[in-house]
Amino acid sequence: MLTIAPSAQVASRDFFINLPLDSQAGIKGGLGALFGFGVASPTPLDSHLRENDGSLAPHSSRDDAYRDFIARGSALIEPQFGSVFGHVGSDALDLLHRLTTNSILDLPNGSARRTVLTNEKGRITDVIWVFKRSDKELLLVSDAPDASPMRNGIERFTIIEDAELNDLKDFLKRWYLIGPGTEGVIRELLPELDFSDTEIGSIRGMDIFDGGIVLALRTDAAGPQSWLIMAAEAAVPEVASRFASAGLQPTSNELFDFVRIKNQVPIVGKELTEDVNPLEAGLIDLIDFDKGCYVGQEVIARLDTYDKVQRVLVGFTQIVRREDERFVSPGERISSPDVGRDVGWVTSVANDPKNDELIGMSYLRKAYCESGTQLTTSEGSVIKVLPNA
Amino acid sequence: MVIAEQQQSIPINTVRVTEKAASKAMEFARKAGRDRCGLKIAVQGGGCSGLQYILELVDGPDEADKVITENGIDVYIPKRAFVFLAGTVLDFSDGLNGRGFEFHNPNAKRTCGCGDSFAV
């Protein structure tokens, strides 16, 4: 059930309501208008839906969830990770541009772009979707299990800037829809929105009724067809009702992890940590090498210029030699039979429900990342490097 | 007096602008047609090391600025930035290999290659 703590309510409403309004448009004109979205026609709602707390019955078992995912091509996840922040103020955009790897100053209003918050050593603190409502109003969306590194990474460098972070976690309920059939599912769920041209980073929004904002952001969080649905409190019962009508039940975060690992998509907290830099993590597309200084830029530019990236992220599968063999765990070191030292480490693992095979992701030194290479973990398990997904 | 000696000799609760830096700042102001202005020294988030210096000619201090007069020029420092700048000497380095205005900041634990960014 979505609840709003009094303090969070004040902060979040600051973000949504204390925005400059266009001409005659008031709050009653629809908060969706404040986001630069067209306001959808009000959807007739049964009164009981408004009283519903938005709870959905989850799948009864992992196998049940997997079967449903295969049949439908899409799964609904209530993520137990991630956060949403409002970042407001006349310096908010400029500050974030100065602290992160991608160029966001040219981001058009009403669109989103991903950027990497790095530390002074050029290592990853967080990877953030920045949705720009206007020069003064941003929405920051992260999949990190803990929001405090991002918060600290921004707030400790907010000195004379007019910029403020507001945690909207308790104000915006989030769901992920993932899987190859998701686009069809989302078109049926939210027919008011225009999904005719949706690439990764596309964001659509509407106001179902006064204050009932629903945002849909296409990401690649678990693979190319991943949509993050965010709904303000007033819209949660309606969105939950639509999920239920479509037969969608929330599935465990385990399935999200399986799909993500199958698609070799890194996530903050597992692959994307302060142990690695964005080049090692394969996030070169999120780095603008011409934008000038940002925190950690000097290190990242040097690594790129002198081709000093030593390791890369790869997928692997475990070669099970005995029926009772243990599965590989995150954190295990990886070595090669031909050298007496570590060549990498395991970051994530997941069980393929279809054939009970273990798949995973790991960082490996470049010389050992060719598809088919067999390596041994510190616990004696054998893994085989998979081709890029 | 060399910069290191100046840094040792100034109280930690102030910022010093060398005669050369003050003279250069006033020269820039004159060229810009601004006879009556001050030099704002501030710090903002960003740069390779996390914090970067800002130098700006401004008409007067903001409410939250600390005001210091150094070698004939008024210097305005936002109080929130002062904690990062206390004890700093602002100098000017000219010549072919000169780097222009240079900050010698005792609070900086690390400075990036260009000298505009630092970490504390």
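Please read these numbers as outputs of a predicted model, since none were measured by experiment.

Thresholds applied
Residues numbered from 1 in each chain as written. Chains lettered and ligands numbered in written order. Predicted model: local features only at pLDDT ≥ 70, side-chain atom pairs only at ≥ 80, totals over all residues. Helix = DSSP H or I, 4+ residues; strand = E, 2+ residues; numbered from the N terminus. Buried ≥ 20, exposed ≤ 12 C-beta atoms within 10 Å, placed from the backbone. Contact = placed C-beta atoms within 7 Å. Pairing = 2+ DSSP bridges. Axes fitted to C-alpha atoms, helices over the stretch in contact; angles between N-to-C directions. Nonpolar A, V, L, I, M, F, W, Y, C, P; charged D, E, K, R; others polar. pLDDT = per-residue confidence, 0-100. Arc of directions from axis to C-beta.

## With respect to the overall build of chain A
Here comes step 1: Tallying secondary structure elements over chain A gives 10 helices and 17 strands in all.
Here comes step 2: When the 389 residues of chain A are sorted by exposure, 46% land in the buried category.
Here comes step 3: Counting only contacts in chain A whose residues sit at least 6 apart along the sequence, the fraction spanning at least 24 positions is 68%.

## As for the sheet that holds strand E7 (residues 100-104) of chain B
Residue and element names in this part refer to chain B.
Here comes step 1: The three strands are arranged E1-E6-E7 in an open sheet whose pairing can be described as mixed. Taken across any chain shown, the strands that pair with only one partner, and hence form the sheet edges, are strand E1 (16-17) and E7.
Here comes step 2: Where strand E6 (residues 89-93) and E7 come together, five bridges link them in antiparallel fashion. Residue pairing in the sheet places Val89 in a bridge with His104 of E7.
Here comes step 3: Taken strand by strand, helix H2 (residues 19-31) contacts E1, E6 and E7, and its axis lies near 70° from that of E6.

## Here's the deal with the interface of chain A and chain B
Here comes step 1: Residue-level contacts link 15 residues of chain A with 17 residues of chain B.
Here comes step 2: Broken down by secondary-structure element, the contributors of at least two residues to the side of chain A that touches chain B are helix H5 (92-99) and helix H10 (297-305) of chain A.
Here comes step 3: It is H5(A) that provides the largest number of residues to the side of chain A that touches chain B, a total of three residues.
Here comes step 4: Class assignment of the residues belonging to the side of chain A that touches chain B gives a composition of eight nonpolar, three polar and four charged.

## Describing the sheet that holds strand E5 (residues 137-142) of chain A
Residue and element names in this part refer to chain A.
Here comes step 1: With antiparallel pairing, the five strands of this open sheet are ordered in space as E3-E4-E5-E2-E6. In this open sheet, the two edge strands, each paired with only one partner strand, are strand E3 (111-118) and strand E6 (164-167). Strand-to-strand, the axes of this sheet are offset by a mean angle of 30°, without reference to chain direction.
Here comes step 2: Across eight bridges, E3 lies against strand E4 (residues 124-134) in antiparallel orientation. When the bridges of E4 are listed, Ala112 appears paired with Phe131.
Here comes step 3: Set on the sheet, helix H6 (residues 148-155) makes contact with E3, E4, E5 and E6; between it and E4 the angle comes to about 70°.

## Focus: the confidence of the model for chain A
Here comes step 1: Confidence in the prediction of chain A, expressed as mean pLDDT, is 84, and 86% of residues score 70 or more.
Here comes step 2: When the criterion is pLDDT under 50, residues 1-51 of chain A qualifies, and its contacts beyond four places in sequence or with other chains add up to 69 contacts.

## Regarding H6(A)
Residue and element names in this part refer to chain A.
Here comes step 1: Among the residues of H6, those classed as buried are Met150, Gly153 and Ile154. One side of H6 carries all its buried residues, which in axial view fall inside an arc of 90°. Of the exposed residues in H6, those oriented more than 90 degrees away from the buried face are Ser148 and Asn152.
Here comes step 2: Buried residues along H6 sit against H5, E3, E4, E5 and E6.

## Some points on helix H8 (residues 236-245) of chain A
Here comes step 1: Among all positions in H8(A), only A:Val236, A:Pro237, A:Glu238, A:Val239, A:Ala240 and A:Phe243 are buried.
Here comes step 2: Of the residues flanking the end of H8(A), it is A:Gly247, one or two places downstream, whose phi is positive at about 80°.

## Digging into the environment of A:Glu164
Residues and elements named next belong to chain A.
Here comes step 1: Of note, Glu164 is situated in strand E6.
Here comes step 2: By the C-beta count within 10 Å, which is 17 here, Glu164 ends up partly exposed.
Here comes step 3: Considered as a pair, Glu164 and Asp91 are 73 residues apart in the sequence and their alpha carbons are 9.1 Å apart.
Here comes step 4: Beyond its immediate sequence surroundings of up to four residues, Glu164 is in contact with Val88 and Gly89.

## Observations concerning the pairing of strand E5 (residues 73-78) of chain B
Residues and elements named next belong to chain B.
Here comes step 1: Bridge count for strand E2 (residues 38-45) against E5 is two bridges, and the pairing is parallel. Paired with Leu39 across the two strands is Val75, which belongs to E5.
Here comes step 2: Bridge count for strand E4 (residues 65-70) against E5 is six bridges, and the pairing is antiparallel. Its bridge partner lying in E5, Thr69 is registered against Asp74.

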